[in-house]
Amino acid sequence: MPKAKYAEIYKDLKRKIETGEYEFQELLPSENTLVQEYDCSRNTIRRAIGDLVADGYVQTMQGKGVRIIFQPALQTSFTIGSIETFTESAKRNNQKSKTKVIHFAELVVDKKIAAKTGFNIGDEIYYLQRLHYLDGKALILNHNYFLKSVAKDLTIEIAEKSIYDYLENTLGVSIVTSKRIITVEKMTEIDEKYLDLGDYNCMAVVSSYTYNSDGVMFEYTQSRHRPDYFSFQDNATRRSI
């Protein structure tokens, strides 16, 4: 089946669920209705619904239909099980986003950086500090480390738009997987200087080690979040042992 067709249907159904056109606990229209609405085959509809199930938007119930289980988050919601850019997550949360680069440097990995990031001593990297705004508030501070051999010719202008868009659509890099560690840490002087922290003195910190299709770790990022403006979500399933 054409991928574009089921992907288009998936996106449209996902939009209707996120905007409340299809409400929480409501059943999706029947398979026959969806086939007629989108003028496609049953297999195409089933593929689109399968992706919605995998992403935690709906649940199939034998003999009853497909129930919507998605609930809009009161806080900004970031995903654990998929790799999403800041711009993509802001759009999904219906928020206006902006990114500002406050530091940009080209470095050679030393012993200290290697221990922190997992890169090899002697690797040439870009190091960036990027401030992310949501609806006009500075809420996220990213410390990004990228291998120069993969993120070739990276610039401040690119970094203030989307580094992943540049990697994928300009350089042809295939971004495959990311290992993530989530911790809570005391705020730093840099956090306090740049972020709108209110009365908070701690940060939710996500450390990500990201790999391309060649199995090369090309990025280490420490993403520091004001704790009351986000939540992390995933769709977990229990498997039989």
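Once a new chain begins, its residue numbering starts again from 1 and follows that chain's sequence as written. For this predicted model, a pLDDT threshold of at least 70 governs which residues receive local features, and a threshold of 80 or more governs which side-chain atom pairs are given and counted, while totals over whole chains, interfaces and linings are taken from all residues. Excluding hydrogens and water, the side-chain values take into account all heavy atoms of the structure.

Structural notes on the pattern of salt bridges
Next up, step 1: Salt-bridge detection follows one rule: a side-chain nitrogen of Lys or Arg within 4 Å of a carboxyl oxygen of Asp or Glu. This structure, assessed with the given rule, holds 10 salt bridges.
Next up, step 2: Of the charged contacts in the structure, one is a salt bridge between Arg-15 and Asp-12, with a shortest N-O distance of 2.8 Å. Separated by 3 residues within a single helix, Arg-15 and Asp-12 lie in helix α1 (residues 3-18), roughly one turn from each other.
Next up, step 3: Among the residues examined, Arg-15 registers a relative accessible area of 40% and is labelled partly exposed.
Next up, step 4: Overlapping salt bridges bring together Asp-12, Arg-15, Lys-16 and Glu-37 as one network. Secondary structure is summarised from DSSP: a helix means a run of H or I of at least four residues, a strand means a run of E of at least two, and numbering begins at the N terminus for each. Partly exposed residues are those whose accessible area sits between 20% and 50% of the maximum for their type, while under 20% is buried and over 50% is exposed, using a 1.4 Å probe and protein chains only.

Let's talk about the nonpolar core
Next up, step 1: We call a set of buried Ala, Val, Leu, Ile, Met, Phe, Trp, Tyr and Cys residues a nonpolar core when their side-chain atoms join them within 4.5 Å. Ranked by size, the top nonpolar core spans 27 residues in total, and within it Phe-119, Phe-146, Leu-154 and Leu-167 carry the most contacts.
Next up, step 2: Elements supplying a minimum of two residues to this core: α5 (111-117), β5 (124-134), β6 (137-147), α6 (156-159), α7 (163-170) and β9 (217-225).
Next up, step 3: The contact partners of Leu-167, leaving out residues within four places of it in the chain, are Phe-146, Val-150, Ala-151, Gly-172, Val-173, Ile-175 and Phe-218.
Next up, step 4: In terms of nonpolar packing, the next biggest core, distinct from the first, is built from 19 residues, Tyr-22, Leu-28, Cys-40 and Tyr-57 among them. Two residues qualify as a contact provided that any one of their heavy atoms is within 4.5 Å of a heavy atom in the partner residue.

Section: α7
Next up, step 1: Restricting attention to buried positions, one finds in α7 the residues Ile-163, Tyr-164, Tyr-166 and Leu-167. Around the axis of α7, the buried residues are gathered within 165° of arc, so they sit on the same side. Of the exposed residues in α7, those oriented more than 90 degrees away from the buried face are Asn-169 and Thr-170.
Next up, step 2: Near the N-terminus of α7, the side chain that reaches the backbone nitrogen of Asp-165, with its oxygen 3.1 Å away, is that of Ser-162.
Next up, step 3: Remark: Gly-172 follows α7 within two positions and exhibits a positive phi of approximately 75°. The directions considered for the arc are those from the helix axis to the C-beta atoms. Pairs of N or O atoms are called polar contacts if they sit within 3.5 Å, as long as, within protein, a hydrogen donor faces a hydrogen acceptor (for residues adjacent in sequence, only side-chain-to-side-chain pairs).

Some thoughts on the confidence of the model for the protein chain
Next up, step 1: What pLDDT expresses is the predictor's confidence in each residue, scored from 0 to 100. In this model, the protein chain carries a mean pLDDT of 88, and residues with pLDDT of at least 70 account for 88%.
Next up, step 2: Mean pLDDT across the elements of the protein chain bottoms out in strand β3 (residues 76-79) (56) and peaks in α6 (97).

Here we look at the sheet that holds strand β7 (residues 175-186)
Next up, step 1: Here 6 strands make up an open sheet; going across it, the order is β4-β5-β6-β9-β8-β7 and the pairing antiparallel. Whereas interior strands pair on both sides, the edge strands pair on one side only; in this sheet they are β4 (97-108) and β7. Taken pair by pair, the neighbouring strands of this sheet meet at an average axis angle of 15°, ignoring direction.
Next up, step 2: Two strands are said to pair when DSSP picks up at least two bridges between them. In the sheet, β6 pairs with β9 via 7 bridges, with the strands oriented antiparallel. Of the residues in β9, the one forming a bridge with Phe-146 is Glu-219. Angular values range over 0 to 180 degrees, each being the angle between N-to-C directions of two axes fitted as lines to C-alpha atoms, with helices fitted over their stretch in contact.

Here we look at helix α3 (residues 42-54)
For an α-helix, 3.6 residues make a turn, and residues three or four places apart therefore share a direction.
Next up, step 1: Take the residue count of a helix, subtract one, and multiply by 1.5 Å to get its expected span. For α3, which comprises 13 residues, the first-to-last C-alpha distance of 18 Å matches the rise-based estimate of 18 Å (1.5 Å per residue) to within 8%.
Next up, step 2: For α3, the full list of buried residues reads Thr-44, Ile-45, Ala-48, Ile-49 and Leu-52. Along α3, the residues classed as buried sweep out an arc of 130° about the axis, all on the same side.
Next up, step 3: Phi turns positive, to about 80°, at Gly-56, one or two residues after α3.

A short note on the packing of helix α2 (residues 31-38) against α3
Next up, step 1: Viewed as axis vectors pointing N to C, α2 and α3 meet at an angle of 105°, and their least axial separation amounts to 9 Å. Judged on the interaxial angle alone, α3 and α2 are roughly perpendicular. Residues Glu-31, Asn-32, Leu-34, Val-35 and Tyr-38 of α2 lie in contact with α3, whose contacting residues are Arg-42, Ile-45, Arg-46 and Ile-49.
Next up, step 2: Taken together, the residues of the contact of α2 with α3 sort by class into 5 nonpolar, 1 polar and 3 charged. Just so you know how the angles are binned, under 35 degrees is roughly parallel, over 145 roughly antiparallel, 65 to 115 roughly perpendicular, and the rest oblique. By the convention adopted, Pro, Cys, Tyr, Trp, Phe, Met, Ile, Leu, Val and Ala count as nonpolar, Lys, Arg, Asp and Glu as charged, and the other residues, Gly among them, as polar.

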